[in-house]
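Structure at a glance
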Amino acid sequence: MKLSQTLVAVGALASAAALLTACGSGTVGQTGSGASAQPSGSKKLALIPGVQAEPFYISLQCGAEAEAKKLGYELTTQAPQKFDAAMQTQLVNALGSNPPAALLVAPTDDTAMLAPIQQVKARGAKIVEVDTSLKDTGVAVSSVSSDNAQGGKLAAQTMAKLAAGKSGSVLILDTIAGTSTTAARAKGFEEELKNSPNLKSIGVQFTQNEPDQAASKVTAALSSTPDLIGVFATNLNTGEGAATGLRNAGKVGAVSLIGFDASPAEVEGLKNGQYQALIAQDPAAIGTQGVDQAVAAIEGKSVTRTLTAQLHSITKADMDANSQYFYKQSC
């Protein structure tokens, strides 16, 4: 997500490289061992998701690992502690001297991550974007993600159904400015909401991907907007924070909360009424397709430049039938 950052110093890069090579097996989202410089015909793949220990990226990693094993490739994963361009830059730069055959990466900033990813590409690695993407479309051979704008539209349509004709205002919570995925969700939501004249957007507010900030934004909106009828949270951290804000204000159920993603906490929230709907992605499919495209590029086969995974609107009434889309905490 997104603070434009300059490249880190050489000493920081060296320590990041040492960390990468030192890691053996570990927790999901922070695993694998660093590879040495790869000869032609390498079977080494690297995955650098947006942040460690997040159920969406854990589920993506699980799908990628299973597909890599099936195709006879070795996948190592290293994730930053926060969804932060500077932290992710260190991990990407650490691959420069030991490039994998392909790098699957979820850029945490669509501009700031361009230079480090380009450096890995220059060393011969194929680049596949998973979940998020760079503004520069000339770097990756393939991008695999959800149709995020469509997901935002689906959330707005769901909000309209929940409102059932009642008039009111709706708050949109985004993460960090410059995050390609959540920005598309927010934009799709606002555009589709215009088709429901009884509902009015009070705009997009950023939370820096911190649940406590999302909770504060909800608290402030409840105070300033008496007719607040709904909140759309564009990812799991903003959703979990928004749920906390509504709970603290005693507004659970009185204000409809639609979250994006289906983390264990969000699923539990849907079950107990803190959420009225979730827009679930299929991160395992994104990981699977990302590996497929990476291997195809390595082996000189046909590659699809842009692929999208399906999205699903889930309510309490149909959550059991859609349990296959709930995110994992381990593989």
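A short tour of the structure in this document, coming up. (Residues numbered from 1 in each chain as written. Predicted model: local features only at pLDDT ≥ 70, side-chain atom pairs only at ≥ 80, totals over all residues. Heavy atoms only, no water.)

So, about the overall build of the protein chain. For the protein chain, the helix and strand inventory stands at 10 helices and 12 strands. Here the protein chain holds 331 residues, and the buried ones make up 53% of them. Of the roughly 13200 Å² of accessible surface on the protein chain, 51% is carried by carbon and sulfur atoms. (Helix = DSSP H or I, 4+ residues; strand = E, 2+ residues; numbered from the N terminus. Buried < 20%, exposed > 50% of the residue type's maximum accessible area, 1.4 Å probe, protein only. Areas by Shrake-Rupley, 256 points an atom, 1.4 Å probe, with all protein chains shown as cover.)

Take the nonpolar core next. Counting 47 residues, the largest nonpolar core has Leu 45, Val 130, Val 218, Val 231 and Leu 257 as the members making the most contacts within it. Take this core: its biggest share by element is five residues, from helix H2 (residues 55-70). Beyond its immediate chain neighbours, meaning those up to four positions away, Val 218 contacts Leu 171, Leu 173, Val 231, Ala 242, Gly 245 and Leu 246. (Core = buried A, V, L, I, M, F, W, Y, C linked by side-chain atoms within 4.5 Å. Contact = heavy atoms within 4.5 Å.)

The complete set of buried residues in helix H9 (residues 264-271) reads Glu 266, Val 267, Gly 269 and Leu 270. An end-on view of H9 places all buried positions within 160° of arc, on one side of the element. Its buried side turned inward, H9 meets helix H8 (236-248), strand S9 (256-260), strand S10 (277-280) and strand S12 (312-314). Just past H9, the residue Gly 273 takes up positive phi, approximately 95°. (Arc of directions from axis to C-beta.)

Right, let's get into the packing of aromatic side chains. Evaluated as defined, the whole model comprises four aromatic pairs. Relative to Tyr 327, the ring of Phe 56 lies with its centre 5.7 Å away and its plane at 65°, an arrangement referred to as edge-to-face. Linking Phe 56 in helix H2 with Tyr 327 in the segment after S12, this pair joins segments that are 271 residues apart in sequence. In this structure, Phe 56 and Tyr 327 share a single accessibility class: buried. Centroid distance Phe 189 to Phe 232: 4.6 Å. Interplanar angle 15°. Geometry classified as stacked. Placement of the pair is Phe 189 in helix H6 (residues 180-193) and Phe 232 in strand S8 (residues 228-233), with a sequence separation of 43 residues. The exposure class of Phe 189 is buried, given its relative accessible area of 0%. Judged by its relative accessible area of 0%, Phe 232 is buried. These aromatic residues form a ring-pair network of at least three members: Phe 56, Tyr 57 and Tyr 327. (Phe/Tyr/Trp six-rings, centres within 6.5 Å; stacked < 30°, edge-to-face > 60°.)

What follows covers the sheet that holds strand S2 (residues 74-77). If you trace the six strands from one edge of the open sheet to the other, you get S2-S1-S3-S4-S5-S11, paired in parallel fashion. Lying at the two open borders of the sheet, with one neighbouring strand each, are S2 and strand S11 (306-309). In this sheet, neighbouring strand axes are inclined to one another by 20° on average, regardless of whether the strands run parallel or antiparallel. Two strands pair when backbone bridges link them, and strand S4 (residues 126-130) and strand S5 (residues 142-146) are joined in this way by three bridges, in the parallel orientation. Counterpart to Val 130 in the pairing with S5 is Val 144. (Pairing = 2+ DSSP bridges. Axes fitted to C-alpha atoms, helices over the stretch in contact; angles between N-to-C directions.)

A positive phi angle, near 75°, is found at Asp 131, a position not held by glycine. With respect to the secondary-structure elements, Asp 131 resides in the loop between S4 and S5. Taking relative accessible area as the criterion, Asp 131 reaches 6% and is therefore assigned buried. One non-glycine residue, Asn 209, adopts positive backbone phi at about 60°.

Turning to the sheet that holds S10, a few remarks are in order. Strand order across the open sheet formed by six strands is S7-S6-S8-S9-S10-S12, with mixed pairing between neighbours. Pairing within the sheet leaves two strands with one partner each, and these edge strands are strand S7 (199-206) and S12. Neighbour to neighbour, the strand axes of the sheet diverge by 20° on average, direction disregarded. Where S8 meets S9, four bridges bridge the pair, whose relative direction is parallel.

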